[in-house]
Amino acid sequence: MAVADRRTTTLAPTSAAAPHTPGAPVALGIGLAVLATLVWSGSFVTSRALGDSVPPVQHAFWRWVVALAVVAPFGARRAWRQRALIRRHLGFVLLASLLGVTVYNTLVNQAGVTTPAANMGMIMAASPVLMAVYERAGGVRLGARRIAGLLIACAGVLLLVGGGASFSAGDLWMIAAACCFGSYSALLRRRPAGLDGAAFLFTTFLFGTLMLLPAQAVSLAVQGGFTPSPGTVLPLLYVGIASSAVAFFAWNKAISLIGPSRAGVVYYLQPVCVALLSWALLAEPTGWAQAGCMALILGGVVLGAGARR
């Protein structure tokens, strides 16, 4: 896993491939970041759709229970074999679990109660800026091309937000979620060398779910449970399998290959995808002005995510 500072060694697959095909890890990393972004776009629509039927904490809890069950066959044994390494870096693992699992998605679900899905995607587009700030603070030179792509995509998001998005109190929850996700993504660059990706996912999913248990108990006592139905169970399966197990593995691997700032530029695709999905599935309005802003975002992504010559 490539990292910003020289104190952390790289994983063998990345360092072995780089001398022969230097563009391959970058292309794979960008592809994985795009995959995660597309899948996560659907989870914002899901959070909005379930806002009236499943309490936010219970939504998050059952999402991670499903994700844990999916990852366990691949990650539980590896995590057990690496338990000494996990124990040595327990503080890092707990912080990643708290930011990426326990808090982030709970905030997103809470925002989905009152905030349109398109707004959620646009606000989350602020997180790549935080990723770039963290990486630059760590001593990484971002390069003029990546900075230009970041600014162009950011301008597209700002124009999209300023073109008629109506803000509500739930948007504050999304701002907090964006900060959590940006911090989690930057933290991944410090993942201990040698810690297997599946083991890391299983461990963070496990700890994150356990940290959600007290809030789950309070939600059940105060709000009561929800009625299982195809309209609630199928979306929970989607966010548990695709948006959690698949997307988090793809995103974590992308960070290890291309770093948080370049992956963050790709993440700007999310407001475009969320706007299109919310228009198609939730009948949230969109227009030509939004389409122009989306084109600006796409141009910034293409410019900033590419490898420097």
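What you see is a predicted model; the values in this text were computed from it and never measured.

Section: the overall build of the chain
Each helix and strand counted, the chain has 13 helices and 0 strands in total. Expressed as a percentage of the 309 residues in the chain, the buried residues total 52%. Element-wise, carbon and sulfur atoms account for 71% of the exposed surface of the chain, whose accessible area totals about 13,400 Å².

What to know about helix 9 (residues 170-187)
Compared with the 26 Å implied by 1.5 Å per residue over 18 residues, the 26 Å span of helix 9 between its first and last C-alpha is a close match. Where burial is concerned, most of helix 9 is hidden: 13 out of the 18 residues are buried.

Re the environment of G112
Here G112 lies in the loop between helix 5 (90-111) and helix 6 (117-124). Residue G112 is classed as buried on the basis of its relative accessible area of 0%. Expressed as a C-alpha distance, the spacing of G112 and A49, which sit 63 residues apart in the sequence, is 7.8 Å. When residues no more than four places from it in sequence are discounted, the contact partners of G112 are S47, R48, G51 and M120.

A short note on the packing of helix 5 against helix 9
A pair of packed helices can be characterised by two numbers: the angle between their axes and the separation between those axes. Contact geometry for helix 5 and helix 9: axes closest at 8 Å, N-to-C directions at 155 degrees. Between helix 5 and helix 9, the interaxial angle falls into the category roughly antiparallel. Two packed elements cross with a definite hand, and for helix 5 against helix 9 that hand is left-handed. From helix 5, F92, L95, A96, L99, G100, V103, Y104, L107, V108, Q110 and A111 reach across to helix 9, where they touch G170, W173, M174, A176, A177, C180, F181, S183, Y184 and L187. Residue classes in the contact of helix 5 with helix 9 are distributed as 17 nonpolar, 4 polar and no charged.

Structural notes on the packing of helix 3 (residues 56-81) against helix 10 (residues 197-223)
For the pair helix 3 and helix 10, the least separation of the axes is 8 Å and the interaxial angle reads 150 degrees. In terms of axis orientation, helix 3 runs roughly antiparallel to helix 10. Note on packing geometry: the crossing formed by helix 3 with helix 10 is left-handed. In terms of residue class, the contact of helix 3 with helix 10 is built from 23 nonpolar, 6 polar and 1 charged.

Things to note about the environment of V54
Relative to the assigned elements, V54 resides in the loop between helix 2 (23-49) and helix 3. Using a relative accessible area of 3% as the deciding quantity, one classes V54 as buried. Separated by 173 residues in sequence, V54 and T227 have C-alpha atoms that sit 8.3 Å apart.

Side note on the packing of aromatic side chains
If you walk through the whole model with that rule in mind, you get 11 aromatic pairs. Members of the aromatic cluster, joined through ring pairs, are W40, W64, Y104, F181, Y184, F205, F248 and W251. Sitting over the ring of W64, R63 keeps its end group 5.1 Å from the ring centre. In this structure, R191 is placed above the aromatic ring of F200, and the distance from its NZ or CZ to the ring centre is 5.4 Å.

Overview of a nonpolar patch on the surface
A cluster of nonpolar side chains, contributed by L35, V233, L234, L237, I241 and V246, occupies part of the molecular surface with about 460 Å² of accessible area. With 5 residues, helix 11 (residues 230-267) is the largest single contributor of residues to the nonpolar patch. In this fold, I241 is placed in helix 11. Residue classification places I241 among the partly exposed positions, given a relative accessible area of 37%.

Quick word on the nonpolar core
Residues F44, Y104, M124, F205 and W251 are the most contacted members of the largest nonpolar core, which totals 62 residues. By residue number, the principal contributor to this core is helix 11, which donates 13 residues. Filtering out sequence-adjacent residues up to four positions away, M124 remains in contact with F44, Y104, M174, A177, A178, F181, Y267 and Q270.

Things to note about the side chain of S185
Relative to the helices and strands, S185 is located in helix 9. Judged by its relative accessible area of 0%, S185 falls in the buried class. Excluding residues within four positions of it along the chain, S185 makes contact with M131, W251, I255 and P260.

What counts and how
Residues numbered from 1 in each chain as written. Predicted model: local features only at pLDDT ≥ 70, side-chain atom pairs only at ≥ 80, totals over all residues. Heavy atoms only, no water. Helix = DSSP H or I, 4+ residues; strand = E, 2+ residues; numbered from the N terminus. Buried < 20%, exposed > 50% of the residue type's maximum accessible area, 1.4 Å probe, protein only. Areas by Shrake-Rupley, 256 points an atom, 1.4 Å probe, with all protein chains shown as cover. Expected span 1.5 Å × (residues − 1). Contact = heavy atoms within 4.5 Å. Axes fitted to C-alpha atoms, helices over the stretch in contact; angles between N-to-C directions. Parallel < 35°, antiparallel > 145°, perpendicular 65-115°, else oblique. Left-handed = near helix turned anticlockwise from the far one by under 90°. Nonpolar A, V, L, I, M, F, W, Y, C, P; charged D, E, K, R; others polar. Phe/Tyr/Trp six-rings, centres within 6.5 Å; stacked < 30°, edge-to-face > 60°. Lys NZ or Arg CZ within 6 Å of the ring centre and 35° of its normal. Patch = residues over 30% accessible without salt bridge, like charges linked within 9 Å, V, L, I, M, F, W, Y side chains within 5 Å. Salt bridge = Lys/Arg side-chain N within 4 Å of Asp/Glu carboxyl O. Core = buried A, V, L, I, M, F, W, Y, C linked by side-chain atoms within 4.5 Å.

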